[in-house]
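Listed here are the chains, written in short residue letters.
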Amino acid sequence: MKPFWITVSIFYSFLSLSAQSTIRGKITANQLPLSGATISIVEMPGVGTISSSDGNFTFFTKKGSFTLVVEHVSMETKSFPVVVNSQEKSVTIDMNRSAYFLAPVEITSIRASERAPFTKTNISKEELAKNNLGYDLPFLLNQTPGIIVNSDAGNGVGYTGMRIRGSDATRINMTINGIPYNDPESQGVFLVNLPDFASSVSSIQIQRGVGTSSNGAGAFGATVNVSTNEFNPTAYGEFNNSFGSFNTRKHTVKVGSGLINKHFTVDARLSQISSEGFIDRASSKLKSYFLSGGYVNEKSSVRLNIFSGDEQTYQAWYGVPEPLLKTNRTFNSAGTEKPGTPYSNETDNYKQDHYQLFFNHAFTNDLTFNTALFIVEGKGFYEQYKSKAKFSSYVLPNPVVNGTTLTRTDLVRQLWLDNVFYGQIASLNYKSGADNITIGGGWNGYKGKHYGQVIWAEISIPKDHRFYDNDGVKKDANLYAKWQRTLSKRWEVFGDVQYRHANYTANGFRNNPGVAVDRKFNFFNPKAGVSYAYNGWQAYFSYALGNKEPNREDFEAGIARQPMHETLHDFELGLEQRKNFYKWSATAYFMYYKNQLVLNGQVNDVGAYTRVNIPKSYRAGIELQGSVQFSKWINAAANMALSRNKIASSETYIDNYDSGSQEKISYKNTDISFSPAVVAGSTINILPVKNAEISLLSKYVSRQYLDNTEQESRSLNPYFVQDVRLSYTIKSKLISNLQIIAMVNNVLDNKYEANGYTFSYKAGGTLSTENFYFPMAGINYMVGLNLKF
């Protein structure tokens, strides 16, 4: 970890910098205070602040002439010249309301506002664009606090994953324009189904912990709110191309009409990404498009989004056996059941189509309404070559060939999922004086058809024989009310209550067709907090209760051992200071779980390894963040998450092949799997000449255990990775922006693994443990050329 501290120590040593002069100002609209406006200084790139609830803002700067730029979603952007020739300069900037209804109400209803007492990070499209060279979205979020990313293929393209505060994607609530994105059955977030989606994103907010009430699956690690509904008043065109290691390529075309006839806009994107991957045969062929049409007037807006992703990835799901890490880090066992060369089509294939229709309306300046209808259609399969498969396992009789009864055959199977997800969200917001009240919610329905087909066999069988056919149906509805009230210039209180109902039914599973499920859940999730803000300081405290139902695989536990829902009590305490040249924050949290679901190796009553509820566990930690503008040519940002993640008591089961039974081992006060004690990141940006930037990005992750036994022999080693990014922008009359980006990942060529799994067993009286890891690529590069017209 020493290299990381060296990288970050310079940054922290400058946090005590102070400036010579002060700009104090107030943002108003019709002479009334305007909160949430973004103020930046043209002459100081990267420096900005946000107006408080009373419209006030403060900059610490040197004497001289500056141009302030003020932006607000419902106002016209305004530039304001300021001359600072004394110790303090006071200004008042009155904004003009836009002639169009631009506020994305569907986003603001579920996002935490600037003063809301929740732990959050906001990410702009400009920040995403810096690394958007073809990597999946989790890798573009890698520098946010407490996040860990991994990639099956080892280079951030194709199947990727992320954990926030140690919680995996099934516990991360994700919405796109307020619409739930998590798969309703598995509750996972599969962003491979939306390749290059970051190119259509206008902003992202990550709320760590339970956060405010949202739509969709319960948030146990974080909430990720993604917005694409950006209004572009002028026509534009973009052509982005990237090339790099492992024959990775990305091609993106974006166009926008700007405002047509003062009311209409159209935006479109077409993308293609391909890569051979770092791991053997871990190739990706990804295609997507995004089309959005909008109508706006002074009081209303209507928008239709249609977007789709089509992915084909060669499977790399099994990891590399530990003994091969030093000799063959790119080993891939997928497809090797086929005699001779690996099966060429051991692939995952899936297409997902999204349709979103929004209507926003302002009844008055204080009262706004939004609703949205959505449909998501997905269909796909993964194909596998299976050697010496039993006919009985595929519901087939044993054939007799030349008088001999055969029990096994080589075959190729496809496991299919054909699903539809549909529903509606809505919210009503009233904001007047000291009160900001939102009432909202939504409903959705889902049907997933799970079936398997044998498409080829060494011994002839019926064409496209279907060997299982199971359906899963889920219905979900929620209603929430939020109230944020300003008590004084310094104090605000926040209250939030949510009721959520979920009902899941299934008529069996592939390996256990006789297990039928019909479970109903009713959750009440209250949240409350208080915040304080004064003279650049902000503090908050909040409590949030979250409840979450099990996922599809958990229900496979059998009729007699159905899992209970999980409950989380989340306490957050934050302190932040913002100055013009620097800002820092510290958040302490305590997340207490009741009946958290974990894998313990136990075989249930139908022979499956599924998660079980453990009575008590917790996560406690502190998250530190800071950024500093050393000068016009150098700035830096860093974050660090320190945590303790414990299970009070648990049991692990080991298969004993000698006796045909399982052995139980009890543990107390062990670390939760995949929950490192330290996660840290830093970025140093150097601007040596105009329009050029050199960035050093660093990431440190401490040891992660593969299971809940806290044994070093079953863990991921700590790792420290550094990337270097260079960019140069050329502006001209013909091409408004030509940008060249070069990124070298893992410049120290570290050999590290970001994910893995383990299992242990007894055979011949000996305990054996087998670990499998997902190695990340060594030094590799990407180069991008972006043209904007």
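All values derive from a computational prediction rather than experimental measurement.

Parameters at a glance
Within each chain, residues carry numbers counting from 1 in the order of the written sequence. Since the coordinates come from a predicted model, pLDDT governs what is reported: local features require at least 70, and pairs of side-chain atoms require 80 or more to be given and counted, while whole-chain, interface and lining totals use all residues. The side-chain values count all of the structure's non-hydrogen atoms but skip hydrogen atoms and water molecules. The salt bridge definition used is simple: a Lys or Arg side-chain nitrogen within 4 Å of an Asp or Glu carboxyl oxygen. For the purposes of this entry, the term helix denotes a DSSP run of H or I that reaches at least four residues, the term strand denotes a run of E that reaches at least two, and both are numbered from the N terminus. Residue burial is assigned from relative accessible area. The probe radius is 1.4 Å, only protein chains are included, and a residue is buried under 20% of its type maximum, exposed over 50%, and partly exposed in between. pLDDT is a per-residue confidence score from the predictor, ranging from 0 to 100. Should any heavy atoms of two residues lie within 4.5 Å, those residues are counted as being in contact. Stacked, tilted and edge-to-face are the three classes assigned to paired rings of Phe, Tyr and Trp, where Trp is represented by its six-membered ring and a pair needs centres within 6.5 Å; plane angles under 30 degrees give stacked, over 60 edge-to-face, the rest tilted. We call a charge positioned over a ring when the NZ of a Lys or the CZ of an Arg lies within 6 Å of the ring centre and within 35 degrees of the ring normal. Two strands form a pair only when DSSP identifies at least two bridges running between them.

### Here we look at the pattern of salt bridges
- Applying the stated criterion across every chain yields a total of 32 salt bridges.
- One salt bridge connects glutamate 753 with arginine 329, and the closest N-O pair in it is separated by 2.9 Å. Residue glutamate 753 is found in strand 43 (residues 753-763), and its partner arginine 329 is found in the loop between strand 21 (320-321) and strand 22 (347-362); the two are separated by 424 residues along the sequence. In this structure, glutamate 753 and arginine 329 share a single accessibility class: buried.
- Residue aspartate 435 is joined to arginine 485 by a salt bridge in which the shortest nitrogen-to-oxygen separation is 2.6 Å. Of this pair, aspartate 435 sits in strand 27 (residues 435-457) while arginine 485 sits in strand 28 (residues 465-486); the two residues are 50 residues apart in sequence, bridging distant segments of the chain.
- Judged by relative accessible area, arginine 485 falls into the partly exposed class, the value being 30%.
- A single network of salt bridges, built from pairs that share partners, joins Arg165, Arg208, Glu572 and Glu623.

### Quick notes on the confidence of the model for the chain
- Averaged over the chain, the pLDDT score is 90; the fraction of residues at 70 or greater is 95%.
- Across residues 4-19, where pLDDT falls below 50, the model places 40 contacts with residues more than four positions away in sequence or in other chains.

### Describing the packing of aromatic side chains
- By the definition in use, this model includes 32 aromatic pairs.
- Each ring, one from phenylalanine 467 and one from tyrosine 468, has its centre 5.1 Å from the other, and the planes form 70°; the classification is edge-to-face.
- Accessibility expressed as a relative area gives 10% for phenylalanine 467, which makes it buried.
- Owing to a relative accessible area of 10%, tyrosine 468 belongs among the buried residues under this scheme.
- Three or more aromatic residues link up through ring pairs in this structure, and these residues are Tyr657, Tyr757, Phe759, Tyr761, Phe772 and Phe774.
- We note arginine 163 situated over the ring of phenylalanine 674; from NZ or CZ to the ring centre the distance is 4.2 Å.
- Lying across the ring of tyrosine 534, arginine 490 places its NZ or CZ 3.6 Å from the centre.

### Section: the sheet that holds strand 13 (residues 179-180)
- Ordered in space as 9-14-15-12-13, the five strands form an open sheet in which the pairing is mixed. Both edges of this open sheet fall to strand 9 (120-124) and strand 13, since each of them pairs with a single strand only.
- Inspection of the sheet shows strand 9 paired to strand 14 (residues 203-208) by five bridges, in the antiparallel sense. Residue isoleucine 123 lies in a different strand from strand 14, and its bridge partner there is isoleucine 204.

### Description of the pairing of strand 1 (residues 21-29)
- Most of strand 1 sits inside the fold, with seven of its nine residues counted as buried.
- Of the strand pairs in this sheet, strand 1 and strand 2 (residues 32-33) are connected by two bridges, and their pairing is antiparallel. By the bridge assignment for strand 2, alanine 29 is matched with leucine 32.
- From the end of strand 1 to the start of strand 2, which pair antiparallel, there are two residues, and asparagine 30 there has a positive phi angle of about 55°.

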